[in-house]
Amino acid sequence: MPRVYHLSDIHVGSAHFLPELLERLIEEIRAERPDLVVVAGDLTDKGLPHQYAEAKRWIDRIEAPLLLTPGNHDSRNVGYVHFEELFGARYRTHRLPGVYLVAADSSEPDLDEGRIGRTIYPWLEEAFHRAPEGAVRVFVTHHHLLPVPGAGRERNILQDAGDLLRLLVEHEVDLVLTGHKHVPWVWRFEGMLIVNAGTAATNRVRGKGHPSYAVIDLGPDRVTVRQRYYGARPDEVYHHPLTKGVIPR
Ligand SMILES: [Fe+2]
Ligand SMILES: [Fe+2]
């Protein structure tokens, strides 16, 4: 049964970065041996070369397969060129047993707003058409697709969230993994489970929030999401039935 760690917004190079939390998380991942670690963007704070170099040193210590996507902070100062050089393509797919993931960059250089953009839709559609029969379909991007409660004024939601949500629903996506707001949340929408990860390694939280990350178990017939807060408060657990089939054990 595939287990995915979903973390986001570590912001290496920021004054808010908490290296001791990232140490703890890397240690937990070493012990838990998940099938995949998703880092849903904002790996760096300003997209600068030395911040990317430091983020790379941290990411290289994660002992699991990785699926990364850049965030708006990573594309600041045209930082996405470093992302491509150090971490690979900004648009990519990944396969786990019974699971098919598609990750897409939602950032634009020096803009906080998110956008996938209609020029990317054909690539997305093609990517989902290549999903193996019966596989659980997962979409990963940085910016949130739906408003996140407790996150202050709503802004920077994907500019083309409506068109993208329709595309994801039409392609029978089961699970969406995002970040950006530094507030963990889960929505159920049109048969999809939409999971927003908080900030995994900064104290730039909102209100009385805590740094957090999500641990997601896929299958055999449901998705289980645990939002974890480094022990500062109990895990929040969500179950979501898989409607298309079961994941092989
Ligand atoms: Fe962030
Ligand atoms: Fe962000």
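Residue numbers here run from 1 along each chain, matching the order of that chain's written sequence. Going through the entries in the order they are written, you letter the chains from A and number the ligands from 1. It should be noted that, the model being predicted, local features are given only for residues of pLDDT at least 70 and side-chain atom pairs only at 80 or more, the latter also being counted only at that level, while totals for whole chains, interfaces and linings use all residues. Only hydrogens and water are removed before side-chain values are computed, so all heavy atoms of the structure are retained for them.

### Some details on the sheet that holds strand β2 (residues 36-39)
For sheets, the rule is that strands pair by backbone hydrogen bonds, running either parallel or antiparallel. Strand order in this open sheet of six strands is β3-β2-β1-β10-β11-β12, and the pairing throughout is mixed. Where the open sheet ends on each side, the last strands, each with one partner, are β3 (66-68) and β12 (236-241). Neighbour to neighbour, the strand axes of the sheet diverge by 20° on average, direction disregarded. Throughout, a contact is declared for two residues whenever any of their heavy atoms are within 4.5 Å. To obtain an axis, a line is fitted to C-alpha atoms, over the contacting stretch when the element is a helix, and the angle between two such axes runs from 0 to 180 degrees between their N-to-C directions. Numbering of helices and strands runs from the N terminus, with a helix taken as a DSSP run of H or I at least four residues long and a strand as a DSSP run of E at least two residues long. Across the face of the sheet, helix α1 (residues 19-32) comes into contact with β1 (3-7), β2, β10 (213-218) and β11 (222-228) while running at roughly 170° to β1. Pairing between two strands requires that DSSP report at least two bridges joining them.

### Here's the deal with the coordination of the iron ion (ligand 2)
Sodium, potassium and calcium take a 3.2 Å donor cutoff, other metals 2.8 Å, and in both cases only N, O and S atoms count; water is not among them, so sites may look incomplete. For the iron ion (ligand 2), the full set of protein donor atoms is Asp 42 (OD), Asn 72 (OD1), His 142 (NE2) and His 180 (ND1), at a range of 2.1 to 2.2 Å. Site description for the iron ion (ligand 2): donor spacing in sequence, D-x29-N-x69-H-x37-H. Taken as a pair, the iron ion (ligand 2) and the iron ion (ligand 1) lie 3.5 Å from each other and share Asp 42 as a ligand. Note that Asn 72 is positioned in the loop between β3 and α3 (80-87) and His 142 in the loop between β6 (136-140) and α5 (161-170), a separation of 70 residues in sequence. The class for Asn 72 is buried, based on a relative accessible area of 1%. For every residue, the accessible area (1.4 Å probe, protein chains only) is compared with the maximum for its type, and the residue is labelled buried under 20%, exposed over 50%, or partly exposed between those bounds.

### Things to note about the coordination of the iron ion (ligand 1)
Those protein atoms acting as donors to the iron ion (ligand 1) are Asp 9 (OD), His 11 (NE2), Asp 42 (OD) and His 182 (NE2), and they sit at 2.0 to 2.3 Å. In this structure, the iron ion (ligand 1) is coordinated by four donor atoms arranged in irregular fashion, with angles at the metal of 85 to 175°. Taken in sequence order, the residues that donate to the iron ion (ligand 1) follow the motif D-x1-H-x30-D-x139-H. Judged by its relative accessible area of 2%, His 11 is buried. Only two sets of limits are used to name each site, 85 to 135 degrees for every angle of a tetrahedral four-donor site, and over 155 degrees for opposite donors with all other angles from 65 to 115 for a square planar four-donor or octahedral six-donor site, with any other site named irregular.

### Some details on the pattern of salt bridges
Whenever a carboxyl oxygen of Asp or Glu lies within 4 Å of a side-chain nitrogen of Lys or Arg, that contact is scored as a salt bridge. By the definition in use, this model includes 17 salt bridges. For Lys 46, the salt bridge is made with Asp 45, and the minimal N-O distance between the two is 3.7 Å. You can call Asp 45 buried: its relative accessible area is 11%. Among the ionic pairs, Asp 163 bridges to Arg 166, the shortest N-O distance being 3.9 Å. Of this pair, Asp 163 and Arg 166 are both found in helix α5, three residues apart, which corresponds to roughly one turn of the helix. Judged by its relative accessible area of 42%, Asp 163 falls in the partly exposed class. Given the relative accessible area of 54%, Arg 166 is considered exposed. One network of salt bridges, in which partners are shared, links Arg 3, Glu 32, Asp 217 and Arg 226.

### Notes on the environment of Ala 131
Along the chain, the position of Ala 131 falls in the loop between α4 (121-129) and β6. With 32 residues separating them along the chain, Ala 131 and Val 99 place their C-alpha atoms 8.5 Å apart. With near-sequence residues (within four places) excluded, Ala 131 lies in contact with Tyr 100 and Arg 137.

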